[in-house]
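Structure assessment
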Amino acid sequence: MGRVAGKIALVTGAARGLGEAIACMLAREGATVVLADLDEKAGKRIQRKIKAEGGNATFSLLDVTSEENWARCMAMINRRFGEFHILVNCAGINVGRSFPSDTTLSDWRRVISVNLDGTFLGTKHAVALMSKGTPVNGSIINISSVMGLVGFAGIGPYSASKGGVRLYSKSVAISCAEKMLNIRVNSVHPGFIETQLLRQGMKSIEDPVEAERIYNALQPVGHLGEPDDIAYGVLYLASDESKFVTGTELIIDGGYTAR
Ligand code: NAD
């Protein structure tokens, strides 16, 4: 308990799935968490859940693709808390699988906009706030994917966005280190984790029993991951336990990329 006690954290995509698990984990470990998402109803439900468990959380309506939304959210954090320590860029989307010659420019732009532009905007505004006034131990954690490390057919825009998140994180990590800013930046690469996003992808296989078997077999460990498997990794990167860790990539995938 208390591994991120006293820290102010913002998690995007916090209304469900991995973002929800990460936000709840950080709150359980003592952080005050700003839950940012497009889904206000679900986000406020998570806020109530965290509060009922004795944690501190507030909801902020945020579209990660809007720079204006980011500026407003950061101004709120500055006004309300005066400090900012942890950003987790977790909001992400995928679209249905398509062959490259059938992939539309609008699908490409939608995925790049949320997954890559959103990560860029959040990181940009977080670095500005974290380096303002008294320096803090800042940690920015960008949720990429194993699909940002290895290829997978039919998801070109998603892979491109997640590969971009990986190298963008490394570039910002070096920029901040060279300026002695004490802001660490790392990417996390989940494998196949049981969430709504994954369930949607599994629907491309008609028979649900067969889909379950195929997806489980993707991992050498023989099963899907749970959201908390990712949240524990994020907690480490968010805490001062990882003070020498920057510009790296944490893969949590049940061995998927080890083969
Ligand atoms: P999810 O679909 O369950 O949840 C995504 C959340 O992001 C939702 O609450 C949604 O409202 C929010 N969101 C979407 N667009 C937004 C926007 N423009 N602004 C603000 N919020 C927005 O997805 P998930 O499975 O929890 O995935 C979370 C992250 O983890 C994504 O970046 C995803 O690419 C990544 N990831 C997931 C898996 C997996 O297997 N589930 C694997 C690798 C990486």
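Just above, that's the structure.
So, a few notes on the structure that sits alongside this text.

Here is what the cut-offs are and how they apply
- Residues numbered from 1 in each chain as written.
- Predicted model: local features only at pLDDT ≥ 70, side-chain atom pairs only at ≥ 80, totals over all residues.
- Heavy atoms only, no water.
- Phe/Tyr/Trp six-rings, centres within 6.5 Å; stacked < 30°, edge-to-face > 60°.
- Helix = DSSP H or I, 4+ residues; strand = E, 2+ residues; numbered from the N terminus.
- Buried < 20%, exposed > 50% of the residue type's maximum accessible area, 1.4 Å probe, protein only.
- Expected span 1.5 Å × (residues − 1).
- Arc of directions from axis to C-beta.
- Contact = heavy atoms within 4.5 Å.
- Polar contact = N/O pair within 3.5 Å; in protein donor to acceptor, adjacent residues only side chain to side chain.
- Pairing = 2+ DSSP bridges.
- Right-handed = clockwise from strand over helix to strand, strands pointing away.
- Near = heavy atom within 4 Å.
- Areas by Shrake-Rupley, 256 points an atom, 1.4 Å probe, with all protein chains shown as cover.
- Nonpolar A, V, L, I, M, F, W, Y, C, P; charged D, E, K, R; others polar.
- Axes fitted to C-alpha atoms, helices over the stretch in contact; angles between N-to-C directions.
- Core = buried A, V, L, I, M, F, W, Y, C linked by side-chain atoms within 4.5 Å.

1. Digging into the packing of aromatic side chains
The final tally for this structure, using the stated rule, is 4 aromatic pairs. Judged by centre distance (5.6 Å) and plane angle (80°), the ring pair of Phe 192 and Tyr 215 falls under edge-to-face. Of this pair, Phe 192 sits in the loop between strand 6 (183-190) and helix 6 (196-202) while Tyr 215 sits in helix 7 (residues 208-217), and the two are 23 residues apart along the sequence. Using a relative accessible area of 7% as the deciding quantity, one classes Phe 192 as buried. Taken together through their ring pairs, the aromatic side chains of Phe 152, Phe 192, Tyr 215 and Tyr 256 make up a single cluster.

2. Regarding unusual backbone geometry
If you check the backbone angles, Met 180 has positive phi at about 55° while not being a glycine. Following the sequence through the fold, Met 180 ends up in the loop between helix 5 (156-178) and strand 6.

3. Thoughts on helix 2 (residues 40-52)
For helix 2, with 13 residues, the first-to-last C-alpha span of 18 Å sits near the 18 Å given by 1.5 Å per residue. Along helix 2, the residues that are buried comprise Ala 42, Gly 43, Ile 46, Gln 47 and Ile 50. The buried residues of helix 2 all sit within an arc of 150° when viewed along its axis, so they share a single face. Of the residues in helix 2, the exposed ones pointing more than 90 degrees away from the buried face are Lys 41, Arg 48 and Ala 52. Turning to helix 2, the residues buried within the fold contact helix 1 (17-28), strand 2 (32-37) and strand 3 (56-61). Its side-chain oxygen at 3.4 Å from the backbone nitrogen of Lys 41, Asp 39 defines the N-terminal cap of helix 2. Trailing helix 2 by a residue or two, Gly 54 shows a phi angle of about 90°, which is positive.

4. Focus on the pairing of strand 5 (residues 138-143)
Among the 6 residues that make up strand 5, 6 are buried, leaving the element largely enclosed by the rest of the structure. Pairing of strand 4 (residues 86-89) with strand 5, which is carried by 4 bridges, proceeds in the parallel orientation. Residue pairing in the sheet places Ile 86 in a bridge with Ser 139 of strand 5. With respect to chirality, the unit in which strand 4 leads through helix 4 (residues 105-130) into the neighbouring parallel strand 5 is right-handed. Pairing of strand 5 with strand 6 involves 6 bridges; the strand directions are parallel.

5. Concerning the site of the ligand
Lining the immediate environment of the ligand, one finds 28 residues, of which Leu 18, Asp 37, Tyr 158, Ile 193 and Thr 195 sit closest. Between an oxygen atom of the ligand and a main-chain N or O atom of Cys 90, the distance comes to 2.8 Å. In this structure, Thr 195 approaches the ligand through a side-chain N or O atom, which is 2.5 Å from an oxygen atom. Burial of the ligand by the protein chains amounts to 94% of its free accessible area of 830 Å². For the shell around the ligand, the secondary-structure elements that each account for two or more residues are helix 1, helix 5 and helix 6. Looking at the shell around the ligand, the element that brings in the most residues is helix 6, giving 3 residues. Considered class by class, the residues forming the shell around the ligand number 16 nonpolar, 8 polar and 4 charged.

6. Focus on the sheet that holds strand 1 (residues 8-12)
Picture the strands of a sheet paired through backbone hydrogen bonds; they go either parallel or antiparallel. Sheet architecture is open: 7 strands sit in the order 3-2-1-4-5-6-7, paired in parallel fashion. Two strands in the sheet have a free side with no partner beyond their single neighbour: strand 3 and strand 7 (249-252). Put simply, the sheet's adjacent strands are angled 20° from each other on average, direction ignored. Relative to strand 7, strand 6 is paired through 4 bridges, and the arrangement is parallel. What sits directly across from Val 188, in strand 7, is Leu 250. Helix 1 rests against strand 1, strand 2, strand 4, strand 5 and strand 6 of the sheet, and its axis sits at about 170° to strand 1.

7. Notes on the nonpolar core
Ile 22, Leu 26, Leu 35, Val 88 and Ile 141 are the most contacted members of the largest nonpolar core, which has 34 residues in total. Counting residues per element, the ones that place at least two in this core are strand 1, helix 1, strand 2, helix 2, strand 3, strand 4, strand 5 and helix 8 (227-238). The leading source of residues in this core is helix 1, at 8 residues. With 27 residues, the next largest nonpolar core counts Val 34, Val 64, Ala 91 and Val 114 among its residues.

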